[in-house]
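Residue strings, one per chain:
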Amino acid sequence: MATSAEWHEDYDKMSEAARNFSRAVKSVQEELEAVDWYNQRAGATQDAQLRRILEHNRDEEVEHAIMGLEYLRRVSPVFDKHMRTYLFTEGDITEIEEQDTGEKQKG
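Now for a quick tour of the structure.

Criteria and thresholds
Residues numbered from 1 in each chain as written. Predicted model: local features only at pLDDT ≥ 70, side-chain atom pairs only at ≥ 80, totals over all residues. Heavy atoms only, no water. Helix = DSSP H or I, 4+ residues; strand = E, 2+ residues; numbered from the N terminus. Buried < 20%, exposed > 50% of the residue type's maximum accessible area, 1.4 Å probe, protein only. Axes fitted to C-alpha atoms, helices over the stretch in contact; angles between N-to-C directions. Parallel < 35°, antiparallel > 145°, perpendicular 65-115°, else oblique. Left-handed = near helix turned anticlockwise from the far one by under 90°. Nonpolar A, V, L, I, M, F, W, Y, C, P; charged D, E, K, R; others polar.

Positive phi values are uncommon outside glycine, yet phenylalanine 88 reaches one of about 60°. Following the sequence through the fold, phenylalanine 88 ends up in the loop between helix 3 (77-86) and helix 4 (93-106). On the basis of relative accessible area, phenylalanine 88 is assigned to the exposed category, the value being 85%.

Structure representation (structure tokens):
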């Protein structure tokens with residue numbers, strides 16, 4: 001049985017899809033935290049060999065986080081919508097939503 005620290009709601013009352021969504025979100029969080037830790041360590045060490053190892057480990061964690069995000073995009077229309085709006089764009093990120101909304105109102 002899952003512990004209360006893992007789930008905010010009664011585990012048995014959640015659908016398998018809701019549990020998997022939560023698992024994916026938690027995994028992405030953990031991977032991003034690991035990215036931050038490896039990046040801090042790489043930036044702090046004076047040992048060039050260790051820095052390269054830590055940077056390699058960091059980049060592997062980025063890959064894992066992105067795989068989790070792609071899973072979330074595939075199972076969540078909201079993630080899909082926002083990822084399609086904001087990712088791989090140019091310019092001011094805060095203005096993208098306004099541009100997207102304006103184009104939808106025109107069309």
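Orientation of helix 1 (residues 16-44) relative to helix 2 (residues 48-75), taken along the N-to-C sense of each, is 160°, at an axis distance of 8 Å. By the angle between their directions, the pair helix 1 and helix 2 is classed as roughly antiparallel. Of the two elements, helix 1 crosses helix 2, and the hand of that crossing is left-handed. Among the residues making up the contact of helix 1 with helix 2, the classes are represented as 16 nonpolar, five polar and six charged.

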